[in-house]
Amino acid sequence: MKRLAVFTSGGDAPGMNACIRAVVRGAVYHGVEVFGIRRGYNGMINGDIFPMTSHSVSNIVQRGGTILKSARSKEFMTPEGRKKAHDQLLKHGIEGLVAIGGNGTFTGALKFFEEFQIPTVGAPGTIDNDLYGTDYTIGFDTAVNTALEAIDKIRDTADSHDRIFFIEVMGRDSGYIAIQSGIAGGAEMVMVPEVLTPISEVVETLKQGWSRSKSSSIIVVAEGDEEGNAAEVAEKIRTQVGVDVDMRVTTLGHIQRGGIPTAYDRILASRLGLGALEGLLNGEKNVMAGVVNNELLYTPFIDTIKLPKPINEDLLRMVRILSV
Ligand code: F6P
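An unreviewed UniProt entry lists the chain under the name ATP-dependent 6-phosphofructokinase, with Larkinella terrae as the source organism. Annotation of the chain in UniProt includes, under Subunit (unreviewed entry), the sentence "Homotetramer." The annotation that UniProt attaches to the chain under Catalytic activity (unreviewed entry) is "beta-D-fructose 6-phosphate + ATP = beta-D-fructose 1,6-bisphosphate + ADP + H(+)".

Encoded structure:
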């Protein structure tokens, strides 16, 4: 392979820049030409493709977001869109791709290969940590620390006012951010999409706390929880415990997606970026580079897309035990 391209796609994640840097510098080291594609698959369709050098990625290892920008492309989901993207890659002589993103990104790459045989190796970039084939995804550690900082601050005010706070963290289908930030922040309960926590159980936990003179509580709710988002959960609880209970809801939202990546994320991103690049150069295709038990390995896209990454339910049990 003489020329390849790198792009970021889907929701951005802190550490994506460190990953781009590793791909570009790795390509330079191996004597391969490397191009950048802006705005994910949309940029591929529109030909927003440009050559990158070692200098292009100077001074970005510490920056959040992605210098290549990102998008969730609707056009790439159509055969016409993918045809346009292929025409652009041909025009630029690009023979392989490194895709930094999540499930949607890898689903698109697989379809693209079936139609045009352009090989892609992925690097898992999403704050959700919901990808099978890697213990952690790029951006997850930073997002957890951002959520934790907010939880710590909310705990101060919750305690001062004897309030119950429902704090919503990101995770449409995944409770990883909720569990980790909840444990580290000493939450009384954590509600995640993977495991149903009935409202009655939350009410029971709150009542037990009150019987022990606990005056404030933190409940961390993943946005995709089965009982609803944090506002919906709070409302359901209010109807059961009465209007006198002082409750507040805080949605952390997109602050979890930005910010300076932690050391862990920078190192993981560098490893996965170089791993994806070297995999592609060694003939891997349609696989995602991941780190499992501290070992770099490649998992077929089809598995990362289809196989669930179960949360550790023992951690949820631990939250309950530690909040008595
Ligand atoms: O996939 C990452 C993520 O941040 C999810 O946790 C969240 O549900 C979603 O992206 C939000 O996406 P958008 O920024 O497109 O609204």
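**Q** I keep staring at the overall build of the chain and nothing clicks. Help me out?
**A** A count of helices and strands for the chain gives 11 helices and 11 strands. Against the 2.2 N^0.38 benchmark of 20 Å for 324 residues, the chain shows a C-alpha radius of gyration of 22 Å, consistent with a compact globule. Principal-axis analysis of the C-alpha atoms places the extent of the chain at approximately 70 × 35 × 30 Å. Out of the 324 residues belonging to the chain, those deemed buried represent 54%.

**Q** When you look at the packing of helix 1 (residues 16-29) against helix 9 (residues 263-281) in this model, what are you seeing that I'm missing?
**A** The axes of two packed helices give the description: the angle between them and the distance between them. Where helix 1 contacts helix 9, the two axes come as close as 7 Å, and the packing angle between them is 40°. For the element pair helix 1 / helix 9, the angle class is oblique. The two elements helix 1 and helix 9 cross, and the hand of that crossing is right-handed. Contacts from Ala18, Cys19, Ala22, Val23, Gly26 and Ala27 of helix 1 reach helix 9 at Arg266, Ala269, Ser270, Gly273, Leu274 and Leu277. When grouped by side-chain class, the residues that make up the contact of helix 1 with helix 9 number eight nonpolar, three polar and one charged.

**Q** What is the right way to look at the site of the ligand in this model?
**A** The local shell around the ligand consists of Arg72, Thr126, Ile127, Asp128, Met170, Gly171, Arg172, Glu223, His254 and Arg257. Residues that form the shell around the ligand fall into these classes: two nonpolar, three polar and five charged.

**Q** Explain the side chain of Ser217 here, please?
**A** Topologically, Ser217 is positioned in strand 8 (residues 217-222). With relative accessibility at 5%, the residue Ser217 sits in the buried group. Setting aside residues up to four positions removed in sequence, Ser217 forms contacts with Arg163, Ile164, Phe165, Glu188 and Leu206.

**Q** Can you walk me through the side chain of Asn129 in this structure?
**A** Turning to its location among the elements, Asn129 is positioned in the loop between strand 5 (120-124) and helix 5 (140-161). Asn129 sits in the buried class, given a relative accessible area of 0%. Among the polar contacts listed, one links the side chain of Asn129 to the backbone nitrogen of Thr137, at a separation of 3.0 Å. A polar contact of 3.0 Å, which involves the side chain of Asn129, links it to the side chain of Lys309. The residues contacting Asn129, other than those within four sequence positions of it, are Asp135, Tyr136, Thr137, Phe140, Tyr176 and Lys309.

**Q** Quick question: what am I supposed to make of the packing of helix 5 against helix 6 (residues 176-184) here?
**A** Two elements in contact, helix 5 and helix 6, have axes separated by 9 Å at closest approach and are oriented at 45°. Comparing the axis directions of helix 5 and helix 6 gives the class oblique. In this structure, the crossing between helix 5 and helix 6 has a hand that is right-handed. Facing Phe140, Ala143, Val144, Ala147, Leu148 and Ile151 of helix 5, the residues of helix 6 in contact are Tyr176, Ile177, Gln180, Ser181 and Ala184. Here the contact of helix 5 with helix 6 is built from residues that sort into nine nonpolar, two polar and no charged.

**Q** Quick question: what am I supposed to make of the environment of Ser73 here?
**A** With respect to the helices, strands and loops of the structure, Ser73 is situated in the loop between strand 3 (49-52) and helix 3 (79-91). Along the backbone, Ser73 and Gly10 are 63 residues apart, and their C-alpha atoms lie at a distance of 8.2 Å. With near-sequence residues (within four places) excluded, Ser73 lies in contact with Tyr41, Asn42 and Ile45. Of note is the side chain of Ser73, whose polar atom sits 2.6 Å from the side chain of Asn42.

**Q** Quick question: what am I supposed to make of the sheet that holds strand 8 here?
**A** By way of backbone hydrogen bonds, the strands of a sheet pair with one another, either parallel or antiparallel. Here we have four strands laid out as an open sheet, ordered 7-8-6-9, and parallel in their pairing. Of all the strands in the sheet, just strand 7 (189-191) and strand 9 (247-251) have a single pairing partner and so form its edges. Put simply, the sheet's adjacent strands are angled 20° from each other on average, direction ignored. Of the strand pairs in this sheet, strand 6 (residues 164-169) and strand 8 are connected by six bridges, and their pairing is parallel. The residue of strand 8 that forms the bridge with Glu168 is Val221. Helix-sheet contacts for helix 7 (residues 199-211) involve strand 6, strand 7 and strand 8, and the interaxial angle to strand 7 is about 170°. Seen against the sheet, helix 8 (residues 230-241) touches strand 6, strand 7, strand 8 and strand 9 and runs at an angle of roughly 170° to strand 9.

About the thresholds
- Residues numbered from 1 in each chain as written.
- Predicted model: local features only at pLDDT ≥ 70, side-chain atom pairs only at ≥ 80, totals over all residues.
- Heavy atoms only, no water.
- UniProt positions renumbered as here; feature names shortened; annotations may be inferred.
- Helix = DSSP H or I, 4+ residues; strand = E, 2+ residues; numbered from the N terminus.
- Rg over C-alpha atoms; globule rule 2.2 N^0.38 Å.
- Buried < 20%, exposed > 50% of the residue type's maximum accessible area, 1.4 Å probe, protein only.
- Axes fitted to C-alpha atoms, helices over the stretch in contact; angles between N-to-C directions.
- Parallel < 35°, antiparallel > 145°, perpendicular 65-115°, else oblique.
- Left-handed = near helix turned anticlockwise from the far one by under 90°.
- Contact = heavy atoms within 4.5 Å.
- Nonpolar A, V, L, I, M, F, W, Y, C, P; charged D, E, K, R; others polar.
- Near = heavy atom within 4 Å.
- Polar contact = N/O pair within 3.5 Å; in protein donor to acceptor, adjacent residues only side chain to side chain.
- Pairing = 2+ DSSP bridges.

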